[in-house]
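The primary structure of each chain is shown beneath.
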Amino acid sequence: ETGGKYFYVGGRSLSFLPLAHAYGCAFDFLAQLVVGGHITLLGRMPSPKILVDAMQNVKPTVICSVPLILEKVYRKMIMPMLEKGPMSIAMKIPFVNAALYTIIKSKLMASFGGEAQIFIVGGAPMNQETESFLRKINFPLTIGYGMTECAPLISYEHPRYFKSGSCGRYLPGLMEAKIMSNDPQNIPGEILVRGENVMMGYYNNPEATAEAIDADGWFHTGDIGTMVEDKFLKITDRKKEIFKTSGGKYIVPQVMENDFKQSRFIEQIMVIGESEKFPGAFIVPMYNFIRDWSERKGLNLAKLSNEELAQHPAVIARIQVEVDALNKKYGSWEQIKRFKLLANEFTVETGELTPTLKFKRKIILSKYQDAYKEIFSV
């Protein structure tokens, strides 16, 4: 940090977020441009390996990311270290594990070029396991929240004061925020904001403007959350992504998806089942981990393709064990009763993810209609 600022003359950014989105445009590009920083455009899809290689050259001083990038780095680079060999044993020894945290942080920082002073994450909820570990090793992480309509920032906090599980404190002196709930600290409701950074309206679209901004000037974000002490916002889900089962029970997919991704066996999961009797899921297993697991179990599945693994009874049974364990956190109406394993990961290139790596749910449902019917043909 230089003079209390993260953007300064000579600072460096590796721009890999889509510049057509306000988040990437504001903080990867415009913020550096205003202060005289240096911007390097990645120009490729940001897989963990491509990013790590590029950061060795750029050595960015500030890194803006979406959660999925850090989650993949954690699961593919850090978790294997913690689960195998001498380090997995040493991590269980008090005082020794503290020293190992320092080593892990040093290796992780080095993989990002070694000079990053802050990692700003936004665009989607972050997996709690990943965030908790990064906080444990004092990784300079903060999670913000914003929308294009709010130019684009709504909440943020310095890593030193950041409250775990939140997305920062709503911007003091610039805006107001409230939760549409009788108990904003404990019962989620829609997040409403107003202030000088909130748009006047959608261009030439008075109907959409009237729907988004009420008579008192409050902008309805469409995000559901709570406001914990000291004005910290905590997002629980997108209002438009919540769906009902045929029994009238509400399902909050993003929260469930983040919880289920804690499993080492699950790469991606999309919860489905609007107007069905129960929620189901499309699951993309962590295939390389499953191959390693199968060798340890003597199942000899390492040479099978993803397509073959997705249909193998042993793999399906192991994923079922993970689903059953994670289901225990939820009420009976929320639990994933059936799922379908998919061979291919959802990607931006296939049109299944947005540029900020969120699910394009309608497109995925349309593409996997047969799998959907298989899940709910009961």
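Fair warning: this is a prediction, and the values are worked out from it, not measured in the lab.

**Side note on the overall build of the protein**
Counting its regular elements, the protein contains 13 helices and 17 strands. Computed over its C-alpha atoms, the radius of gyration of the protein comes to 22 Å, within 12% of the 21 Å expected for a compact globule of 378 residues. Taken along the three principal axes of its C-alpha coordinates, the protein extends 60 × 50 × 40 Å. Among the 378 residues that make up the protein, the fraction classed as buried is 51%. Counted over contacts in the protein with a minimum sequence separation of 6, partners at least 24 positions apart contribute 60%. About 18500 Å² of surface is accessible on the protein, with carbon and sulfur atoms providing 56% of the total. Treating the 45 positive side-chain charges of the protein as one cloud and the 40 negative ones as another, the clouds have centres 5 Å apart.

**Re the packing of helix α3 (residues 67-83) against helix α5 (residues 96-111)**
One way to put it is that α3 packs onto α5 with a least axis distance of 12 Å and a crossing angle of 150°. One way to sum up the angle between α3 and α5 is to call them roughly antiparallel. Every pair of crossing elements has a handedness; the one defined by α3 and α5 is right-handed. Across from Val73, Met77, Ile78, Met81 and Leu82 in α3, the residues of α5 making contact are Ile104, Lys107, Leu108 and Ser111. Class assignment for the residues of the contact of α3 with α5 results in seven nonpolar, one polar and one charged.

**A short note on the sheet that holds strand β5 (residues 141-143)**
Strand order in the open sheet formed by three strands is β3-β4-β5, and the pairing between neighbours is parallel. Here the strands that pair on one side only, and so sit at the sheet edges, are β3 (62-65) and β5. Taking each pair of neighbouring strands and ignoring which way they run, the sheet shows an average axis angle of 20°. Note that strand β4 (residues 118-121) and β5 share three bridges and pair parallel.

Conventions adopted
Residues numbered from 1 in each chain as written. Predicted model: local features only at pLDDT ≥ 70, side-chain atom pairs only at ≥ 80, totals over all residues. Heavy atoms only, no water. Helix = DSSP H or I, 4+ residues; strand = E, 2+ residues; numbered from the N terminus. Rg over C-alpha atoms; globule rule 2.2 N^0.38 Å. Buried < 20%, exposed > 50% of the residue type's maximum accessible area, 1.4 Å probe, protein only. Contact = heavy atoms within 4.5 Å. Areas by Shrake-Rupley, 256 points an atom, 1.4 Å probe, with all protein chains shown as cover. Lys, Arg positive; Asp, Glu negative; His and termini not counted. Charge placed at Lys NZ, Arg CZ, Asp CG, Glu CD. Axes fitted to C-alpha atoms, helices over the stretch in contact; angles between N-to-C directions. Parallel < 35°, antiparallel > 145°, perpendicular 65-115°, else oblique. Left-handed = near helix turned anticlockwise from the far one by under 90°. Nonpolar A, V, L, I, M, F, W, Y, C, P; charged D, E, K, R; others polar. Pairing = 2+ DSSP bridges.

Don't take any of this as a statement about function, it's just geometry.
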